[in-house]
Amino acid sequence: MEQKNERNKNKKLAVSFAAINEETILPSDLLQEILPLLQEYFVGNFKIEGGAISIKFLNGQKFRLTVGELVK
């Protein structure tokens, strides 16, 4: 059991280091990653415009999902 906990701890540490060394994610990159997920889950028209995804559902509702980086 102790060995399993140690392996889990090492795994979490490796994931943390990978995340820290990851390249900067741009808002446009994040939009590109989110778009297919929305299209898979919802039925409607989706379009990336500027820093947002415009969504129009078949019932006429419209949304704008905006992505922007928060600065410390």
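Everything quoted here is computed from the prediction, not taken from an experiment. All residue numbers here refer to positions counted from 1 along the written sequence of the relevant chain. Totals for whole chains, interfaces and linings use every residue, but because this is a predicted model, local features are given only for residues with pLDDT of at least 70 and side-chain atom pairs only at 80 or more, for both listing and counting. Only hydrogens and water are set aside; all other atoms, that is, all heavy atoms of the structure, feed into the side-chain values.

## Considerations on the pattern of salt bridges
Thinking step 1. One side-chain nitrogen of Lys or Arg within 4 Å of one carboxyl oxygen of Asp or Glu is enough to make a salt bridge. Within the structure shown, the criterion is met by two salt bridges.
Thinking step 2. A salt bridge links Lys47 to Glu49; its shortest N-O distance comes to 3.4 Å.
Thinking step 3. Close ionic contact of Glu49 with Arg64 constitutes a salt bridge, the shortest N to O distance being 3.8 Å. Linking Glu49 in strand E1 (residues 44-49) with Arg64 in strand E3 (residues 62-66), this pair joins segments that are 15 residues apart in sequence.
Thinking step 4. Shared partners join several salt bridges into a network, and the residues in it are Lys47, Glu49 and Arg64. Every helix listed is a DSSP run of H or I at least four residues long, and every strand listed is a run of E at least two residues long, numbered separately from the N terminus.

## So, the sheet that holds E1
Thinking step 1. When DSSP finds two or more bridges between two strands, those strands count as paired. Pairing is antiparallel across the open sheet formed by three strands, whose spatial order is E1-E2-E3. The open sheet is flanked by E1 and E3, the only strands paired with a single partner. Strand-to-strand twist across the sheet, computed as the mean angle between neighbouring axes with direction ignored, equals 20°. Axes here refer to lines fitted to C-alpha atoms; in helices the fit is confined to the stretch in contact. Angles between the N-to-C directions go from 0 to 180 degrees.

## Here we look at the packing of aromatic side chains
Thinking step 1. Stacked, tilted and edge-to-face pairs are distinguished by plane angle, under 30 degrees for stacked and over 60 for edge-to-face with tilted covering the rest, among Phe, Tyr and Trp rings (Trp via its six-membered ring) whose centres lie within 6.5 Å. The tally for this structure, following the rule as stated, stands at four aromatic pairs.
Thinking step 2. A centroid spacing of 4.9 Å and a plane angle of 80° characterise the contact between Tyr41 and Phe42, whose relative ring orientation is edge-to-face.
Thinking step 3. Only protein chains enter the area calculation, which uses a 1.4 Å probe; residues under 20% of their type maximum are buried, those over 50% are exposed, and those in between are partly exposed. The exposure class assigned to Tyr41 is exposed, which follows from its relative accessible area of 68%.
Thinking step 4. The class of Phe42 is partly exposed, set by a relative accessible area of 34%.
Thinking step 5. Aromatic pair Phe46 and Phe57: ring centres 6.5 Å apart, planes at 90°, arrangement edge-to-face. Residue Phe46 is found in strand E1, and its partner Phe57 is found in strand E2 (residues 52-57); the two are separated by eleven residues along the sequence.
Thinking step 6. Residue class for Phe46 comes out buried when judged on its relative accessible area of 15%.
Thinking step 7. Residue classification places Phe57 among the buried positions, given a relative accessible area of 18%.

These figures capture arrangement, not role.
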